[in-house]
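Chain by chain, the residues:
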Amino acid sequence: MTTSIDHITVSGAPGVEELVTRAEGLRELLSKNSAQGEQDRRVVQESIQALKEAGLFKLLQPKRFGGYQTSIRTLVDVSAAVGEADGGTAWVVSLLNSGAWLASCFPEQAQGDVWGANPDALVSGVFSPKVESKKVDGGFRVSGEWFYNSGSWHADWAVLSLPITDDAGEIVDLGMALVPRTDVDLKETWFVAGMRASGSNCLVAEDIFVPAHRIMSVPPAIEGDFPTEHVEETLYRSPLGPFFAVGMVGPQLGLGRAALKLVREKAATKGISNTIYTRQADSVAFQLQLAQATMMLDTAHFHAHRVTDDLDTAAASGEKLDFSARARIRADIGWAIEHVVKAIDTLLYAHGSGAFAEVNPLQRIWRDSEVASRHAGILPMVCYEIYGKALVGSEERITPMI
C-alpha cells in the first residue's frame, strides 16, 4: 500500500521504499519486544537502538545535521510499517520524528543547540495549558506540567508550549519552546489501557530559563510560517495543524494491516463455534466481514496518502494552503482514523472471542488503536466539524490547530 514519492525527497537521502524496507526488516525484533514494552510502559531499549541504527529517527531531520530530510509521506509510510510490528513503538517513531520536524522550524541557532554536538538527539513535543511564564532579560522563566509527552523516556529535547507574556505579565501570544530534557523532570503518569509502550508521561519544569532564540510563535506556524532561516528547505513549510495531526495516522494504518494479516492467516485453520464451519474461510459471513474490513483499510490509506501528498506537494511548490484546504485535510485524517478503528473492530468480530486472549496479539492491537484514536488532535467528529464549518462558510474556529 505504499508508493514512492522520491521526487520530493532531498537528493542523496534514502527514499521512502528503502526506509520502509528497513522498517520491515526490524519487524521480528520489534514484535519480539512488544509485550515487554507494554509491561515496561516504554519501548525496549534494544528496539530504540535498532531503530536508530536503521536511521528511522532521521526521517524529518535536516541533512545539515545528518538527517534524511525526506517527506511527510515517508513519515506516514515508515511509521505504518513499524506499526505492523508494534503500535507503541510506531507511535514513538512517528512522534519523535515529528519533534525533529518541529525543531527544524526553529532558528538555526536553536537547531544547533539540539543537533550541533549530538546529531542523534531525539526531540519530543507536547502542548499543555498548565504553564506559566515570565519575561526576563534574554528569554523567559517557565514553570509548568506538560501531558502527554510521547517518547518521554527516549527524547533528549522537548518542544513545549508556553504563554508568551509582556513586561507587565500579560499574555500576548502562544509559543513553543525548545527545552533540553535535562532541564525538566519526568513524572510517571502513563497508566492506560493501550499504547502503553508510548511512554506518554508528564514533563515538569520548575522555574527554568528558556532563551529567546529557542521560542517560536504559534499563530504564524499555524499558517506555515516559521523562523528557520533555511527557506530552501521546503519540507519545513507545512502548516502546523495538519502536520501535527497527520503524524498520528501512520501507526494506526500499521495496526490495521497487522490485524488484517493475523485474521486472514488464521481463517484457514480456525473454525466458528456453534456452526457447521470448521474453517472460517468457508463462511460467507466471515468473507463479507473480511471484505468490509479490507475496504475500510484501503479507504483509510487513500485518505491518509491524499493528505501527505497534498502537504508535500504544496510545501515543495511554495503554495500556501488556505483554511478550506487545511480543514479538508483535518477531515481526511479523521476519516482515515475512523475507518481503521472500524476495520479492526470488524476483524475482531470475524476472528471471534479468542482475539481477547492475552496471548493473542489482536487484543493489544485493538487496545492500542482504541486509545490512540482518542487523541484530541485526531478525533474524527472534531475533524468533521472543522470541515463542515468550512463547507458552509462559517469563520468560527473551534481549535487553532487547523
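About the criteria used
- Residues numbered from 1 in each chain as written.
- Predicted model: local features only at pLDDT ≥ 70, side-chain atom pairs only at ≥ 80, totals over all residues.
- Heavy atoms only, no water.
- Helix = DSSP H or I, 4+ residues; strand = E, 2+ residues; numbered from the N terminus.
- Rg over C-alpha atoms; globule rule 2.2 N^0.38 Å.
- Buried < 20%, exposed > 50% of the residue type's maximum accessible area, 1.4 Å probe, protein only.
- Contact = heavy atoms within 4.5 Å.
- Areas by Shrake-Rupley, 256 points an atom, 1.4 Å probe, with all protein chains shown as cover.
- Lys, Arg positive; Asp, Glu negative; His and termini not counted.
- Charge placed at Lys NZ, Arg CZ, Asp CG, Glu CD.
- Pairing = 2+ DSSP bridges.
- pLDDT = per-residue confidence, 0-100.
- Core = buried A, V, L, I, M, F, W, Y, C linked by side-chain atoms within 4.5 Å.
- Expected span 1.5 Å × (residues − 1).
- Bend = angle between axes of the 7 residues up to and from the residue.
- Axes fitted to C-alpha atoms, helices over the stretch in contact; angles between N-to-C directions.
- Phe/Tyr/Trp six-rings, centres within 6.5 Å; stacked < 30°, edge-to-face > 60°.

**Student:** What exactly am I supposed to notice about the overall build of the protein here?
**Tutor:** In terms of regular secondary structure, the protein is built from 13 helices and eight strands. Relative to its length of 402 residues, the protein is compact, with a C-alpha radius of gyration of 21 Å against a globular reference of 21 Å. Its C-alpha atoms put the protein at 80 × 45 × 40 Å along the principal axes. In the protein, which comprises 402 residues, the proportion classed as buried is 57%. Restricting the contact set of the protein to residue pairs at least 6 apart, pairs at least 24 apart contribute 72%. About 16400 Å² of surface is accessible on the protein, with carbon and sulfur atoms providing 54% of the total. Within the protein, the 50 negative side-chain charges are centred at a point lying 5 Å from the centre of the 36 positive side-chain charges.

**Student:** So what exactly am I meant to see when it comes to the pairing of strand β4 (residues 157-165) here?
**Tutor:** Within a regular strand, side chains alternate between the sheet's two faces. Across the nine residues of β4, nine count as buried, placing the element largely inside the fold. As judged from the nine bridges shared by β4 and strand β5 (residues 171-180), these two strands associate in the antiparallel manner. From the neighbouring strand, Val159 faces β5, where its bridge partner is Leu178. Here β4 folds back onto β5 in antiparallel fashion, the turn holding five residues, of which Gly169 has a positive phi close to 90°.

**Student:** I keep staring at the side chain of Ser124 and nothing clicks. Help me out?
**Tutor:** Within the secondary structure layout, Ser124 lies in strand β1 (residues 123-126). Those residues in contact with Ser124, other than ones at most four positions away along the chain, are Leu96, Asn149, Ser150, Ala155, Trp157, Ala158 and Val159.

**Student:** Explain the confidence of the model for the protein to me, please; I cannot follow it from the model alone.
**Tutor:** When pLDDT drops low, the exact placement of atoms in the prediction is not to be read closely. Taken as a whole, the protein shows an average pLDDT of 95; of its residues, 97% reach a score of 70 or greater. Counting contacts from residues 1-8, a segment whose pLDDT is below 50, to residues more than four positions away or on other chains yields 22 contacts.

**Student:** Can you walk me through the nonpolar core in this structure?
**Tutor:** A general trend in soluble globular proteins is that nonpolar side chains are found buried together. Counting 101 residues, the largest nonpolar core has Trp101, Met176, Leu178 and Ile333 as its most contacted members. When residues in this core are grouped by element, the largest group, 11 residues, is from helix α11 (residues 323-351). Formed by 17 residues, the second largest nonpolar core is a distinct cluster that contains Val131, Leu203, Ala205 and Ile215.

**Student:** Just checking my understanding: could you explain the environment of Asp156 for this structure?
**Tutor:** Tracing the backbone shows Asp156 in the loop between β3 (139-149) and β4. Judged by its relative accessible area of 30%, Asp156 is partly exposed. Spatially, the C-alpha atom of Asp156 lies 14 Å from that of Val126, the residues being 30 residues apart in sequence. Once you skip the residues sitting within four places of it in the chain, Asp156 turns out to touch Asn118, Asp120, Ala121, Leu122, Pro180 and Arg181.

**Student:** Hey, could you run me through the pairing of strand β7 (residues 201-211) in this one?
**Tutor:** Summarising burial for β7: eight of the 11 residues are buried, a large majority. Strand direction decides the pairing type here: β3 and β7, joined by eight bridges, are antiparallel. Note on β7: the bridge partner recorded for Asn149 is Asn201. Two strands pair when backbone bridges link them, and strand β6 (residues 185-187) and β7 are joined in this way by three bridges, in the antiparallel orientation. Its bridge partner lying in β7, Leu186 is registered against Leu203.

**Student:** For this particular structure, what's the right way to read helix α2 (residues 27-40)?
**Tutor:** Helical geometry note: an α-helix holds 3.6 residues per turn, so side chains three or four residues apart project in the same direction. In a regular helix each residue adds 1.5 Å, so 14 residues correspond to 20 Å; α2 covers 19 Å between its end C-alpha atoms and thus fits that length. At Ser34, α2 shows its strongest bend, of approximately 45°. Along α2, the residues classified as buried are Leu29, Leu30, Asn33, Ser34, Gly37 and Glu38. Here the buried face of α2 lies against α3 (45-53), α4 (72-83), α5 (87-104) and α12 (361-372). Directly after α2, the chain includes Arg41, whose backbone phi takes a positive value near 60°.

**Student:** Before we go on, may I ask you to explain unusual backbone geometry in this structure?
**Tutor:** What is expected of a backbone is that most residues other than glycine have negative phi and most peptide bonds are trans. Along the chain, Phe147 connects to Tyr148 via a cis peptide bond; the corresponding omega equals -10°. Unlike most non-glycine residues, Met195 shows phi in positive territory, near 55°. Looking at the element boundaries, Met195 is found in the loop between β6 and β7. One non-glycine residue, Asp207, lies in the positive phi region at around 55°. With respect to the element layout, Asp207 can be found in strand β7. Asp207 gets classed as partly exposed once you look at its relative accessible area, which sits at 44%.

**Student:** Looking at this structure, I do not really get the sheet that holds β6. What am I missing?
**Tutor:** Two modes of strand pairing occur in sheets, parallel and antiparallel, and in both the strands are linked by backbone hydrogen bonds. Strand order in the open sheet made by the four strands is β2-β3-β7-β6, with antiparallel pairing throughout. The open sheet has two free edges, formed respectively by β2 (131-136) and β6, since each of these has just one partner strand. Across the sheet, the mean angle separating the axes of adjacent strands is 15° when strand polarity is ignored.

**Student:** In this structure, what is going on with the sheet that holds strand β8 (residues 215-217)? I would like to understand it.
**Tutor:** Ordered by their spatial adjacency, four strands build an open sheet running β1-β4-β5-β8, and the pairing between neighbours is mixed. Here the strands that pair on one side only, and so sit at the sheet edges, are β1 and β8. On average, each strand axis in the sheet is tilted by 35° relative to the strand beside it, whichever way the strands run. On the sheet, α5 packs against β1, β4, β5 and β8 and is oriented at approximately 90° with respect to β1.

**Student:** Before we go on, may I ask you to explain the packing of aromatic side chains in this structure?
**Tutor:** We describe a pair of aromatic rings using the distance from one ring centre to the other and the angle between the two ring planes. For the coordinates displayed, the defined rule picks out eight aromatic pairs. Centre to centre, the rings of Phe65 and Trp115 are 5.7 Å apart; their planes meet at 40°, and the pair counts as tilted. A residue pair is termed long-range when its members are at least 10 positions apart, and Phe65 in the loop between α3 and α4 and Trp115 in helix α6 (residues 108-115) qualify at 50 residues. Of the residues examined, Phe65 reaches a relative accessible area of 14% and is grouped as buried. The interplanar angle of 90° and the centroid separation of 5.1 Å between the aromatic rings of Phe356 and Trp366 together place this pair among those described as edge-to-face. Separated by 10 residues along the polypeptide, Phe356 in the loop between α11 and α12 and Trp366 in helix α12 bring together distant segments of the chain. Accessibility expressed as a relative area gives 43% for Phe356, which makes it partly exposed. Judged by relative accessible area, Trp366 falls into the partly exposed class, the value being 29%. Here the aromatic cluster, defined as three or more aromatic residues joined through ring pairs, consists of Trp101, Phe226 and Phe243.

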